[in-house]
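# Reading the structure
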Amino acid sequence: MKAVRIHQFGGPEVLTYEDIPDPEPRKDQVLVRVRACSLNHLDLWVRQGLPGVKLPHIPGSDVAGEVAAIGDYVTGFTLGQRVVVAPMHYCGRCVKCVAGLQNQCREFTVLGNAVDGGDCELIAVPAANVIPIPHSLDFNQAASVPLVFVTAWHMLVGLAGVRPGQTVLVLGGSSGVGIAAIQIAKLFHCRVITTAGNEAKLEKAHALGADHGIDHYKQKISDEVRKLTNKQGVDIVVEHVGLATWDESIRSLKTAGTLVTCGATTGPNVAIDLRHLFARQLRLLGSYMGTMAELHEVLGHVFAGRLKPVVDRCFPLSEIRAAHEYLASSQMFGKVVVNPSV
Ligand SMILES: [Zn+2]
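Definitions and cut-offs
- Residues numbered from 1 in each chain as written.
- Predicted model: local features only at pLDDT ≥ 70, side-chain atom pairs only at ≥ 80, totals over all residues.
- Heavy atoms only, no water.
- Helix = DSSP H or I, 4+ residues; strand = E, 2+ residues; numbered from the N terminus.
- Rg over C-alpha atoms; globule rule 2.2 N^0.38 Å.
- Buried < 20%, exposed > 50% of the residue type's maximum accessible area, 1.4 Å probe, protein only.
- Axes fitted to C-alpha atoms, helices over the stretch in contact; angles between N-to-C directions.
- Parallel < 35°, antiparallel > 145°, perpendicular 65-115°, else oblique.
- Left-handed = near helix turned anticlockwise from the far one by under 90°.
- Contact = heavy atoms within 4.5 Å.
- Core = buried A, V, L, I, M, F, W, Y, C linked by side-chain atoms within 4.5 Å.
- Pairing = 2+ DSSP bridges.
- Right-handed = clockwise from strand over helix to strand, strands pointing away.
- Donors = N, O, S within 2.8 Å, 3.2 Å for Na, K, Ca; no water.
- Tetrahedral: all angles 85-135°; square planar, octahedral: opposite > 155°, others 65-115°.
- Patch = residues over 30% accessible without salt bridge, like charges linked within 9 Å, V, L, I, M, F, W, Y side chains within 5 Å.
- Areas by Shrake-Rupley, 256 points an atom, 1.4 Å probe, with all protein chains shown as cover.
- Salt bridge = Lys/Arg side-chain N within 4 Å of Asp/Glu carboxyl O.

Moving on, we get to the overall build of the protein. For the protein, the count of helices and strands is 11 helices and 17 strands. In terms of overall dimensions, the protein is globule-like: its C-alpha atoms have a radius of gyration of 20 Å, near the 20 Å expected for 342 residues. In terms of overall dimensions, the protein has C-alpha extents of about 60 × 40 × 35 Å along its principal axes. Every one of the 342 residues in the protein was classed for burial, and the buried ones make up 54%.

Right, let's get into the packing of helix 4 (residues 146-159) against helix 5 (residues 176-187). Running from N to C, helix 4 and helix 5 point in directions that differ by 50°, and their axes come no closer than 8 Å. Considered as vectors, helix 4 and helix 5 are oriented oblique to each other. Crossing of helix 4 over helix 5 shows right-handed handedness. Contact with helix 4, carried on its side by Val148, Phe149, Thr151, Ala152, Trp153, Met155, Leu156 and Val157, involves Gly176, Val177, Ala180, Ala181, Gln183, Ile184, Ala185 and Leu187 of helix 5 and no other residues of that element.

Bringing the nonpolar core into the picture now. By size, the foremost hydrophobic cluster in this structure holds 86 residues, and its most contacted members are Val32, Met88, Leu156 and Val168. Among the elements that line this core, the one with the most residues is helix 4, at 8 residues. With residues near it in sequence (within four places) discarded, valine 168 still touches Leu156, Val162, Ala185, Cys190, Arg191, Val192, Ile193, Ile236 and Val238. Residues Leu169, Val225, Val234 and Val241 belong to the second largest nonpolar core, which totals 14 residues.

A few words now on the pairing of strand 10 (residues 167-170). Side chains of strand 10 alternate between two faces, with Thr167 and Leu169 and Val168 and Val170 buried alike. Pairing of strand 10 with strand 11 (residues 191-196), which is carried by 4 bridges, proceeds in the parallel orientation. Bridge pairing in strand 11 links threonine 167 to arginine 191. Between strand 10 and its parallel partner strand 11, the chain crosses via helix 5, and the hand of that crossover is right-handed. Sheet topology places strand 10 next to strand 13 (residues 234-239); 3 bridges connect them, and they run parallel. Note on strand 13: the bridge partner recorded for leucine 169 is valine 237.

Here the focus is the coordination of the zinc ion. Ideal geometry at a metal gives 109.5 degrees between four tetrahedral donors and either 90 or 180 degrees between six octahedral ones. Coordination of the zinc ion by the protein involves Cys91 (SG), Cys94 (SG), Cys97 (SG) and Cys105 (SG), with metal-donor separations of 2.3 to 2.4 Å. Bound by 4 donor atoms, the zinc ion shows angles of 104 to 115° at the metal and therefore tetrahedral coordination geometry. Read from N- to C-terminus, the donor residues coordinating the zinc ion fall into the pattern C-x2-C-x2-C-x7-C. Of the two residues, cysteine 91 and cysteine 97, neither departs from the other in class, the shared state being buried.

Attention now goes to a nonpolar patch on the surface. Residues Ile272, Leu274, Phe278 and Leu284 make up a contiguous nonpolar surface patch of roughly 390 Å² in combined accessible area. Assignment of secondary structure puts leucine 274 in helix 9 (residues 274-279). We classify leucine 274 as exposed; its relative accessible area is 54%.

With that out of the way, let us pick up the sheet that holds strand 15 (residues 283-286). Read from one edge to the other, the open sheet built from 6 strands follows the order 12-11-10-13-14-15, with strand pairing classed as parallel. Here the strands that pair on one side only, and so sit at the sheet edges, are strand 12 (212-215) and strand 15. Across this sheet, the average inter-strand angle for adjacent strands is 20°, counted without regard to direction. Against the sheet, helix 7 (residues 221-228) touches strand 10, strand 11, strand 12 and strand 13, its axis set at about 155° to strand 12.

Rendered as structure tokens:
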């Protein structure tokens with residue numbers, strides 16, 4: 001099969017499009033023919049070098065495609081069935097996994113991170129990871145859902161415990177997680193304030209349901225939040241930007257507000273004034289992916305049309321370098337997808 005692999009860490013030039021043997025599915029696995037794989041910032045980190053990535057390595061976390069072969073021990077699927085692949089890798093037998101907390105498993109990793117991913121034509125995955133999709137979703141849309149929507153759902157619903165009518169600040173409203181978080185917060189009838197780097201992106205965020213937009217290059221986020229909330233601040237901040245916005249995110253919280261973070265795109269090392277943390281009784285929560293149950297729950301809303309994936313642009317798999325460069329340029333609103341040739 002054709003696959004994108006990295007043999008060394010570095011810039012887009014280390015991504016090679018090459019022929020490798022087809023994967024052999026185990027008897028408890030399903031072989032999926034990849035029709036679309038969406039990119040995440042994780043792809044850029046993996047390419048640049050993360051601990052636990054063994055070379056050569058196939059990146060790519062979010063796969064949609066068709067069932068191409070079914071292991072002997074697997075029932076309930078048909079050849080050609082349209083499916084999305086859950087991007088989680090976990091042991092399935094530890095106390096965390098059997099409790100349904102797969103993202104706390106010691107073996108937990110994301111497809112395309114410490115295990116080979118979906119930037120290829122065929123991928124073999126455990127049957128539990130294979131989820132049928134309705135015809136209302138095309139492959140590019142389906143591939144744009146799993147990682148960002150399960151991440152945003154776990155942050156807002158699983159950890160922050162969002163309640164109807166709260167005010168939520170979503171940093172980076174044009175990013176994959178931002179687009180998911182805006183829609184999930186609106187599903188809970190929250191008031192949503194979001195940030196983006198230009199007017200066109202803010203317009204698109206409004207169209208997704210965001211009530212207020214802040215241009216983070218032209219406006220001071222916490223000042224705008226204070227104006228919009230009668231000096232109260234917000235109940236929940238959805239963070240993933242890191243260093244560039246951390247202080248503003250903390251300042252934007254109301255007393256006893258919750259900041260939940262899943263990333264540090266602009267840098268991981270931030271400072272915090274502990275007097276603010278205890279005197280204002282803030283909650284700071286770290287979030288990583290989500291559980292299989294949360295993925296099924298959020299997919300239910302996507303399948304019903306209540307949450308919508310946003311696809312920005314598709315590239316042929318052979319043009320993976322251009323796709324990575326485009327993702328790194330932050331011009332997009334929504335997901336960047338690669339497609340193996342049919
Ligand atoms: Zn486990």
